[in-house]
Amino acid sequence: MSVALIVLAAGKGTRMQSDLPKVLHPIAHAPMLWHALRAGQVLEPEKTVVVAGHGADLVEASCKDYDPEIEIALQTEQLGTGHAVAQAREALAGFEGDALILYGDTPFIDETTLQRMTEARQTHDVVVLGFEAAVPGQYGRLVTKNETLLRIVEFKDANETERAITLCNSGVVAAKADVLFDLIDAVDNNNASGEYYLTDIVGIARERGLSATVVRCDEAETLGVNSRSELAAAEALFQTKARQALIENGVTLLAPDTVFLSWDTVIGRDAEVEQNVVFAPGVTVESGARIRAFSHLEGAHVSRGAIVGPYARLRPGAELAENTHVGNFVEIKNAVLHEGAKANHLTYIGDAEVGEKTNIGAGTITCNYDGVFKHKTTIGKQAFIGSNTMLVAPVTIGDEAMTASGSVVTEDVPDGALALGRSKQVNKPNLAQKLFAKLRAQKARKQA
Ligand code: UD1
Ligand code: MG
């Protein structure tokens, strides 16, 4: 059956103490809302509706960044979770499949859990995701009889016996979309909070002779973010899980706790990552590559057999082909290093192309920016760029060409040519000795 996601994201998040809507606070460099959206992708949703309220413009812009097809339903007043879901009705008019309700501030629901929910939906009208809470606190309680879910009672409205229940409501619900909206129609706000509770649909469904059940998940999956300290805890949890997933997939992390990943980091098996490496968004590292200590990578692609670092920085558009080496204090931006090219020390390569097996000497800089425009440097294959060469772009260095150390290269260098772009050296015999003698005599006079 086709699925539509309804993602609730209208809440203010007062406890975040922030001007940014809560669901846009990042975890592993992506708005936490994106994590919920991504988990939902496993169901290949036909439609996704995000219910926005506080900071709706920002939430909408972020959703469109994630996927331009996402629809936004506005909830101008936050009158409760049931009321929030009702706002998605128009966007889902005529939709005949299942609706799954997710939360923009609940980023860790497992894909497999969502699959189990849609499976349970085959045999039950309403499926609620529940968990055994270590500390049930204020969570809504799931009142069950065997696997049948009878109703959900909010903590504030619960009696002593109900409060003693430890099976709690995550909030995630699946039901056929038209059934869901019919049930929501019957929800009132006659309760301790004066809100329209989504949770009331279970009792209403049962009164109508529909069936409801619970799918259980680990409490960690339902972790919500309400404050900065919970955000920090969520970041830590993401990192732990993402590192573990890499390790299980065959990546070597020498000191897992010191490697920081982004929500979209991809690393192939048998790749090795040393200590203190940061992966900002958009990085793919292929199998067998080696990322050495203290490197920072963003928007970069590292191919098999490449070695990066220690102390390297790959910026967006860095494309390292197989067996390339990028060493210490080397920065690569928007540049392709073709197979076997090497830049091992103290170098900036920006807006450039470096041919196969070319060697870039220490201290080389592509002078790519004239203060207004960026210009390209093209270096052929098997070239040798001498140490401390300034390549003033736009400039092209031919195949098997060389530049002399310390050259400022402002003109193209033909294939096979050597460019000498530095002043000529003059040696003055014995002048150093004379100069030393003079200076030492000066010093002696001063000390006298
Ligand atoms: C809700 C559940 C509770 C469950 C708990 C799990 C209800 C009535 N209660 O309680 O059973 O144990 O979540 O965390 O559903 N939201 C809107 N618009 C609204 C109200 C809420 O978009 O008008 C969004 C919030 O931004 C939030 C989510 O829905 O992301 C849950 O709302 P919240 O007020 O936190 O519900 P709880 O009281 O925690
Ligand atoms: Mg809550």
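Everything discussed here concerns the structure shown above.
My aim in this report is to walk through the structure given alongside it, one point at a time. Just so you know, these numbers come straight off a predicted model, no measurement behind them.

Comments concerning the packing of aromatic side chains
Taken as a whole and assessed by the stated rule, the structure comprises five aromatic pairs. Site record: aromatic cluster; members linked through ring pairs are Trp34, Tyr66 and Trp263. Its end group placed over the ring of Phe155, Arg163 keeps NZ or CZ at 4.0 Å from the ring centre. Against the face of Phe260 rests Arg243, its NZ or CZ located 5.1 Å from the ring centre.

Some details on the nonpolar core
Ile6 and Phe279 are the most contacted members of the largest nonpolar core, which has 125 residues in total. It is strand β1 (residues 3-9) that provides the largest number of residues to this core, a total of seven residues. If near-sequence neighbours (up to four positions away) are discounted, Phe279 is found in contact with His29, Val259, Phe260, Leu261, Ser262, Thr265, Ile267, Val273, Val285, Ile291 and Leu297.

Looking at the pattern of salt bridges
In this structure the tally under the stated criterion is 16 salt bridges. Here Asp257 and Arg243 are joined by a salt bridge, their closest N and O atoms 3.9 Å apart. In this pair, Asp257 is assigned in the loop between β12 (252-253) and β13 (259-260) and Arg243 in helix α8 (residues 228-248), connecting sequence segments 14 residues apart. For Arg243, a relative accessible area of 8% gives the class buried. Ionic pairing is found between Glu274 and Arg292, a salt bridge with its closest N-O pair at 3.0 Å. One end of the pair, Glu274, is in the loop between β15 (272-273) and β16 (277-279); the other, Arg292, is in the loop between β18 (290-291) and β19 (296-297), with 18 residues separating them in the sequence. What makes Glu274 buried here is its relative accessible area of 7%. Taken together, the shared-partner salt bridges in this structure form one network comprising Glu272, Glu274, Arg290 and Arg292.

Remarks on the side chain of Lys22
Relative to the assigned elements, Lys22 resides in the loop between β1 and β2 (26-27). Polar side-chain contacts of Lys22 include one of 2.9 Å to the backbone oxygen of Val225. Those residues in contact with Lys22 that lie beyond four places of it in its chain are Lys12, Gly13, Met16, Met32, Asp105, Val225 and Asn226.

A short note on α8
Note: α-helices contain 3.6 residues per turn, so residues at a spacing of three or four share the same orientation. With 21 residues, α8 should cover 30 Å at 1.5 Å per step; its first-to-last C-alpha distance of 30 Å lies within 8% of that length. Within α8, burial applies to Leu231, Ala234, Phe238, Gln239, Ala242, Arg243 and Leu246. The arc that holds every buried residue of α8, seen down its axis, measures 160°, which confines them to one face. With respect to the buried face of α8, the exposed residues turned more than 90 degrees away are Ser229 and Glu248. Trailing α8 by a residue or two, Gly250 shows a phi angle of about 95°, which is positive.

What counts, and where the lines are drawn
- In this convention, every chain numbers its residues from 1, walking through the sequence in written order.
- Whichever chain is written first becomes A and whichever ligand is written first becomes 1, with later ones labelled in order.
- Where totals are concerned, whole chains, interfaces and linings use all residues; where local detail is concerned, this predicted model gives features only for residues with pLDDT of at least 70, and gives and counts side-chain atom pairs only at 80 or more.
- To get the side-chain values, take all heavy atoms of the structure and skip hydrogens and water.
- Geometry of aromatic contacts follows a simple scheme: Phe, Tyr and Trp rings, the Trp one being its six-membered ring, pair when their centres are within 6.5 Å, and the pair is stacked under 30 degrees between planes, edge-to-face over 60, tilted otherwise.
- Only lysine NZ and arginine CZ atoms are considered, and such an atom sits over a ring when it is within 6 Å of the ring centre and within 35 degrees of the ring normal.
- In this text, buried Ala, Val, Leu, Ile, Met, Phe, Trp, Tyr and Cys residues form a nonpolar core when linked through side-chain atoms within 4.5 Å.
- Categorising residues by exposure relies on relative accessible area from a 1.4 Å probe, with only protein chains included: less than 20% of the type maximum marks a residue as buried, more than 50% marks it as exposed, and the intermediate range marks it as partly exposed.
- Numbering of helices and strands runs from the N terminus, with a helix taken as a DSSP run of H or I at least four residues long and a strand as a DSSP run of E at least two residues long.
- Note on contacts: a residue pair qualifies if any of its non-hydrogen atoms lie within 4.5 Å across the two residues.
- We define a salt bridge as a contact between a side-chain nitrogen of Lys or Arg and a carboxyl oxygen of Asp or Glu at a distance within 4 Å.
- Side-chain atoms alone can form a polar contact between residues adjacent in sequence; in general such a contact is a pair of N or O atoms within 3.5 Å, and within protein one must be able to donate a hydrogen while the other accepts it.
- Residue count minus one, scaled by 1.5 Å, sets the expected span of a helix.
- It is the directions from the helix axis to the C-beta atoms whose arc is reported.

Without other data, these values stay purely geometric and don't point to any function.
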